[in-house]
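Close look at the chain arrangement
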Amino acid sequence: MENKCSFGKSAIFMLANTILTLFVLALIVNFAPMRFANIFLNPLGVVKGVQYEQEKEYKKEEESFEKNFKTTLQNKKAEIYSVDSPYFGASDAKAVVVIFSDYQCGYCKALSDYTLNIYNDPKYKGKVKFIIKDYPILGQLSGVLAILGVQGFEIEPAKFAELHHALFNAKSAEAGVGIVQKITGKKIDIKNSKTAGELIQRNMELGREVNVRGTPGIIIGDEFIGGLIPEDEMRRRIDAELAK
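Residues numbered from 1 in each chain as written. Predicted model: local features only at pLDDT ≥ 70, side-chain atom pairs only at ≥ 80, totals over all residues. Heavy atoms only, no water.

Time to look at the overall build of the chain. A tally of helices and strands in the chain yields 10 helices and 5 strands. A sequence separation of at least 24 residues applies to 78% of the contacts in the chain between residues at least 6 apart. If you sum the accessible surface of the chain, you get close to 15,000 Å²; carbon and sulfur atoms cover 56% of it. (Helix = DSSP H or I, 4+ residues; strand = E, 2+ residues; numbered from the N terminus. Contact = heavy atoms within 4.5 Å. Areas by Shrake-Rupley, 256 points an atom, 1.4 Å probe, with all protein chains shown as cover.)

Let us look at the nonpolar core. Ranked by internal contacts, the top residues of the largest apolar core, which has 59 residues, are Val 97, Met 234 and Ile 238. Element by element, the count of residues in this core is highest for helix α6 (residues 140-155), at 8 residues. (Core = buried A, V, L, I, M, F, W, Y, C linked by side-chain atoms within 4.5 Å. Buried < 20%, exposed > 50% of the residue type's maximum accessible area, 1.4 Å probe, protein only.)

This paragraph deals with the pattern of salt bridges. By the definition in use, this model includes 10 salt bridges. Its salt-bridge partner being Arg 235, residue Glu 231 comes within 3.0 Å of it at the nearest N-O pair. Here the residue Glu 231 and the residue Arg 235 both occupy positions in helix α10 (residues 231-243), the gap between them amounting to 4 residues, near one helical turn. Given the relative accessible area of 23%, Glu 231 is considered partly exposed. Across the pair Arg 237 and Glu 233 runs a salt bridge whose closest N-O atoms are separated by 3.1 Å. With Arg 237 and Glu 233 both in helix α10, this residue pair falls 4 residues apart, about one helical turn. When salt bridges with common partners are traced through the structure, they connect Glu 223, Glu 233, Arg 236 and Arg 237 into a single cluster. (Salt bridge = Lys/Arg side-chain N within 4 Å of Asp/Glu carboxyl O.)

Let us now look at empty space enclosed by the protein. The rolling of a water-molecule-sized probe over the atoms marks out the regions of remaining empty space. Scanning the entire structure with this criterion turns up 1 cavity of 30 Å³ or more. Estimated volume of the largest cavity: approximately 30 Å³. For the lining of the largest cavity, the secondary-structure elements that each account for two or more residues are β2 (95-101) and α5 (106-120). Here the lining of the largest cavity takes 4 residues from α5, the largest share from any one element. In the lining of the largest cavity, the residues fall into 4 nonpolar, 4 polar and no charged. (1 Å grid on protein atoms, 1.4 Å probe; cavity = no way out; pocket = protein on both sides within 12 Å on 5 of 7 lines; lining within 4 Å. Points joined across faces, edges and corners; volume = space filled by probe spheres on them. Nonpolar A, V, L, I, M, F, W, Y, C, P; charged D, E, K, R; others polar.)

Here we come to the packing of aromatic side chains. Centre distance and the angle of the planes are the two values used to describe a pair of aromatic rings. Inspection of every chain in the model, using the stated rule, returns 7 aromatic pairs. Each ring, one from Phe 153 and one from Phe 160, has its centre 5.5 Å from the other, and the planes form 75°; the classification is edge-to-face. When sorted by exposure, Phe 153 lands in the same class as Phe 160, which is buried. Taken together through their ring pairs, the aromatic side chains of Tyr 87, Phe 88, Tyr 119, Phe 130, Phe 153 and Phe 160 make up a single cluster. Lying over the aromatic face of Tyr 87, Lys 129 brings its terminal NZ or CZ to 5.4 Å of the ring centre. (Phe/Tyr/Trp six-rings, centres within 6.5 Å; stacked < 30°, edge-to-face > 60°. Lys NZ or Arg CZ within 6 Å of the ring centre and 35° of its normal.)

Relative to the elements of secondary structure, Thr 115 occurs in helix α5. Residue class for Thr 115 comes out buried when judged on its relative accessible area of 2%. Here the side chain of Thr 115 touches Ser 112 through a polar contact of 3.1 Å, landing on its backbone oxygen. Those residues in contact with Thr 115, other than ones at most four positions away along the chain, are Phe 88, Ile 99, Phe 130 and Met 234. (Polar contact = N/O pair within 3.5 Å; in protein donor to acceptor, adjacent residues only side chain to side chain.)

Turning our eyes to something else, we now look at helix α7 (residues 160-167). The buried count for α7 comes to 6 of 8 residues, which makes it a mostly enclosed element. Listed in full, the buried residues belonging to α7 are Phe 160, Ala 161, Leu 163, His 164, Ala 166 and Leu 167. If you follow the buried residues of α7, they end up packed against β1 (87-89), β2, α5, β3 (128-134), α6 and α8 (173-184).

Quick look at the structure:
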């Protein structure tokens, strides 16, 4: 008897709640502004509308970035392609790849794996050059390793491809010093780093002007690529530069 009575009360409560809900919806439809009413009556449509606006804004930002980058590339071309920065590959190579990189960045490490593959590929011998613009944004060790990379290049430029790749494995400043000394066969004094520090500071300023928002930042030809790309795409873009 008690169960029956409870069920009856619940049914009455549910009916009253349904009537109240319908009444509120009727008020929204008849009196609320359409944009407000749509939130209740068509939430999926509202979400899609927001997504559309976000995609439109993103596309607008991308177009603006591409336009600004091409202007910056024209104005800063000498600095971007300057061989004051460490590089590996032929100095007079037709295809040039500029990389804003951080030695503590996992994506930069992955990129270094296949830039080294391309560098060692007989197909590209004498045809491609990789310019490394140190962009140490991930902490103090990043800055120290960047300085060591520049110093190593100044000591033994012919071994920079190997050195650049190896420095991604350094977990401390001491390990970085050891890597440089092992590969170059020469002692290095990290305290005597004023020239290297000034170069890195210029590259940091250049990166901000180019609008590098993270690492790696890659420039091939007149295009900027923000982030890691697959090796086959890198090769395809290099081949396109060589074909010009």
